[in-house]
Amino acid sequence: MPSPLPYPALHATHGGIWLATSDGTRGLGRGEAIARAAETPAIMLNAPLVGQRLGYPELSGLDLLELYAFVHPARFAVPTPKGMAHALSIEAPETDAEAPAFLLRAAEVLLATLEGEWPEREGAWTSAQSLARLRWTWSPVVAERLKRPERDERWLFSRLPEWEENGGRPAPATVRVGAQDTAQRLERLVGQGAEVRQGQRDYAAAAAQVFAPRTAQGQPNMLLAEAGTGIGKTLGYLAPASLWAEQADGAVWVSTFTKALQRQLDRESARLFPDAAVRRKKVVVRKGRENYLCLLNLEDALQGGFAGRAAILAQLVARWAGYSKDGDMVGGDLPGWLTSLFRRAGATALTDRRGECVYAGCPHYRKCFIERAARASQDADIVIANHALVMVNAARGRDGGNGPERIVFDEGHHLFDAADSTFAAALTGQEAIEMRRWIVRPEGKSRGRRRGLAARLMDVASYDEAGAAALEQAVDAAQLLPSDSWLGRIAEGMPFGPVEKLLAAVRATVYARATAQDAGYGLETEMAELDGPIVEAAAPAVEALERLVRPLTALGNRLQAVLEDGPDWLDGPARARIEGAIGGLTWRTQTLAAWIGLAARIGGPADPDYVDWMAVERVDGREYDIGLHRHWLDPTRPLAEAVLKPAHSVVVTSATLRGSEGWHAAEARTGACHLPASAARFEAESPFDYAAQSEVLVVTDVKRGDIPQLAGAYAKLIEAAEGGTLGLFTAIQRLKAVHARIADRLARAGLPLYAQHVDPIDTGTLVDIFRDDPRASLLGTDALRDGVDVPGESLRLVVMEGVPWPRPTVLHAARRAAGGGTAYDDRVVRARLAQAFGRLIRRQGDRGLFVLLSSATPSRLLTAFPPGVTVRRLPLDQAIARVRERLSTAPAFGHQSDEARKAEEAR
């Protein structure tokens, strides 16, 4: 019989600190709590968060979340007492004072699980032995309860399934999706007994027409569809998309901007394919390589590549890998809170973020999560991806040049921003040193497996003399790129090599011209009217980059020739490795070509298609990067060329596609204006009664820049709403300042407050916590203004600190000048206000208020809100009274029966 846990349990909030022992539970002060935790290991829930509450960030102990991740890998739990209670099917504590005793009980439940058989039993004993050698704090009590299995457990890498090779999918058949078939499919997806709204039916019919055969090359069938929240656009486009995929034996790519919508689409796919085994084949989630666990990196970490806490993380990730659906470490079934428990020590080194994959040269190639996802998508009906992946694959010629030809861009209002990021170029110190490391290898100690290009291609190059010579020349030329400690040398006035000297000249120019140098943020200046030193530094840098691009290009050509010649030694694994190397070389030579064009621009005439500038990136006054930047003035031009024109069918949809403007704005923001034929248009208003369900309050007496007054306004509004508040900020520093002033006050009132950039928790988990507790509130910045779906009572008040004007950057100034000056700013602001307001009403039964703390809000911007919504300008005290009145007396506020909620979600 295992002995009772000999540990205390500690729980800390902004409202108090409590400790549970065998003698009971009591409150204690911050100093005593730190002393007790340092003296005896204590059970905690999210140790980094508890440490922050105590003002002792290095606090360690027995984290219940680590134990949960060991016992139940690949299972999510909201990391709060309530969320843990739900995950373990035990009673939740009713107050914070009861939480420590609950933590003791939850730990006993998890440990008791180890004494029997449970679904994740395999691999647990082996993992526990490794964790014990690493002195994991839970090891003694785990060892006491977890018995050795009768037969030795299989090694993780032998348990993982292998992907299967296939002969490739034939071209899809030429079919036309019928309107009647689409209506029937939509009716099946919505479900029996649920009403199919006419707006949703019309939406599906319009989307079905896009899947007709296109009439001319470079001229896709394109639909711009604005469908208000509540129309049910997800099922509206999945109905015709799934029909076309089924009848044509082809794939439709559904692209999103946020990971939250990807997860939602993955869940919705159960309506298409209720059988889980069929669904795994028919629906595949695709992300960039950097999102997936690299098995070779994991093996290196498990065999001594990691030390300390990072090694413990590697063991827990290995437990998860054996049960993961797809190996996705970012937004998949790895709990988002797990890596933050280790302050992300080593997490990035477990993925392939630097393009170092050796493909078939890897011993785990046939089990690779990345390769499995790529191959599964070739045979899938629906591929759920994101805007960045779709664009990057097209721009870099990935997937064998077979880019997606039938695409649905959901969250289409983000296409401009996604294209702006994808088709940009930046010659910076950080980018250049990564290029050097990819070719040469890291110079100093580096966690994980980092090898240079020569090591990855050594055996292949040994069969080809010309290729070996090109590889040697590339390694020599890469020595001229910035190396370790480049930033320090530049700061000391001792740059080494032509590229570092150019970056030093950039830094001097930026500091000479920039204003607000004491602000602590990044500095930038236009690349115009440059003086002698920086112009002189540009030519040698261009020469050094050209010296590198030539052998890399030659090496790529030689590898391509080897593939075409097919020598005797070229077996399947070697071919796969060469194909991978060619892809990497193509990407790098494209990057180098962009750098050369950017550096050569110094001292020369401006290109009207681009916006070029120089910047010194800083955080809290500390420099971390220096470089040259280039963005397209209109990034939808390369989007149209690389993605839209090669496609056959494109649907771009969003609830705010036009952004309170005309269709010309939607065409400009999506690239439709660059196509030879006009895109079709569809619009359907939201079925929600916004006038009855919501209201906008513009507060007139909160002084701009007055942090105490701003903090007081937030606190009083949250108290009036009794939580359920999403607070949005345009500056991180103001968010932190407000949070510091009001968190304790709200906690004492039983209203938990969480914040981005403050709490050591990833954004997705913060939203999960917020969604799970109707009395909690969440403060955040841009990432929470869009893509957050929190229906019902948990979000009933949105508060914005002020009008979200664009930041006055060089890039913004150029686009503002080209887009109509003030009118351009107004379009941006109205779109941001509409997106923020869109967080408020997500289901038919929702009620809520939107508060803008800005007395100087121009009336012309208020058209961002839905027609009919009442907008009131009033002082803060009246706004508080209005919030209390509306949110405390609204009939059946935020509550729906299970049947009504399910029917609503089905639509």
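For the structure itself, consult the block above.
Along each chain, numbering runs from 1 in the same order as the chain's sequence is written. Per-residue local features of the predicted model are confined to residues with pLDDT of at least 70, and side-chain atom pairs are confined, for both listing and counting, to 80 or more; whole-chain, interface and lining totals are unaffected and use all residues. Side-chain figures throughout are based on the complete set of non-hydrogen atoms in the structure, without hydrogens or water.

1. Brief notes about the sheet that holds strand β10 (residues 406-409)
The pairing of strands in a sheet comes from backbone hydrogen bonds and takes either a parallel or an antiparallel form. Read from one edge of the open sheet, seven strands run β8-β9-β7-β10-β15-β6-β16, paired in parallel fashion. Each edge of the sheet is formed by a strand with only one pairing partner; in this case those strands are β8 (283-285) and β16 (680-684). Strand-to-strand twist in this sheet, taken as the mean axis angle between neighbours without regard to direction, amounts to 15°. Paired strands, in this sense, are two strands between which DSSP finds at least two bridges. To qualify as a helix, a DSSP run of H or I must reach at least 4 residues; to qualify as a strand, a run of E must reach at least 2; elements of each kind are numbered from the N terminus. Where β8 lies against strand β9 (residues 382-386), three bridges are found, and the strand directions are parallel. Within β9, the residue paired with V285 across the bridge is I384. Note on method: axes are straight lines fitted to C-alpha atoms, helices fitted across the in-contact stretch only, with angles between N-to-C directions ranging 0 to 180 degrees.

2. Considerations on helix α28 (residues 663-670)
Listed as buried for α28 are W663, A665, A666, E667 and T670. We call two residues in contact when some of their heavy atoms are within 4.5 Å. Turning to α28, the residues buried within the fold contact β6 (221-227), α19 (415-422), α27 (636-644), β15 (649-654) and β16. Looking at the residues trailing α28, positive phi occurs at G671, about 90°. Working definition: with a 1.4 Å probe on protein chains only, accessible area under 20% of the residue-type maximum means buried, over 50% means exposed, and in between means partly exposed.

3. Some thoughts on the pattern of salt bridges
In the sections that follow, a salt bridge refers to a side-chain nitrogen of Lys or Arg positioned within 4 Å of a carboxyl oxygen of Asp or Glu. If you walk through the whole model with that rule in mind, you get 46 salt bridges. For D152, the salt bridge goes to R148, with nearest N and O atoms at 3.3 Å. In this structure, D152 and R148 share a single accessibility class: exposed. For R637, the salt bridge goes to D609, with nearest N and O atoms at 2.8 Å. Taken together, the residues R637 in helix α27 and D609 in the loop between α26 (572-600) and β13 (610-619) connect sequence positions 28 residues apart.

4. Description of the side chain of D410
Mapped onto the elements, D410 comes out in the loop between β10 and α19. Counted as positive: Lys and Arg. Counted as negative: Asp and Glu, with His and the chain ends omitted from the count. Buried and unpaired, D410 has no salt bridge, with K233 as the nearest side chain of opposite charge at 4.2 Å. Definition of a polar contact: a pair of N or O atoms within 3.5 Å, with one able to donate and the other able to accept a hydrogen when the atoms are protein atoms, and with sequence-neighbouring residues admitted only if both atoms are side-chain atoms. Reaching out from D410, the side chain makes a polar contact with the side chain of Y237 at a distance of 2.7 Å.

5. Description of the environment of E434
The residue E434 is located in helix α20 (residues 429-439) in this model. For E434, a relative accessible area of 17% translates into the label buried. Between the C-alpha atoms of E434 and R354, which are 80 residues apart in sequence, the distance is 7.6 Å. A distance of 3.1 Å separates the side chain of E434 from the side chain of R437, its partner in a polar contact.

6. Brief notes about the packing of aromatic side chains
Each Phe, Tyr or Trp ring, with Trp reduced to its six-membered ring, pairs with another whose centre is within 6.5 Å; inter-plane angles below 30 degrees give stacked pairs, above 60 give edge-to-face pairs, and intermediate values give tilted ones. Across all of its chains, the model carries 13 aromatic pairs by this definition. Look at Y203 and F682: their rings are 5.7 Å apart centre to centre, the planes differ by 80°, and that puts the pair in the edge-to-face class. Of this pair, Y203 sits in helix α10 (residues 198-210) while F682 is found in strand β16, placing the two residues 479 residues apart along the sequence. We note that Y203, like F682, is buried. Taken together, a centroid distance of 5.8 Å and an interplanar angle of 55° make the contact between Y690 and F837 tilted. With Y690 in helix α29 (residues 690-693) and F837 in helix α34 (residues 822-837), the pair connects residues that are 147 residues apart, well separated along the chain.

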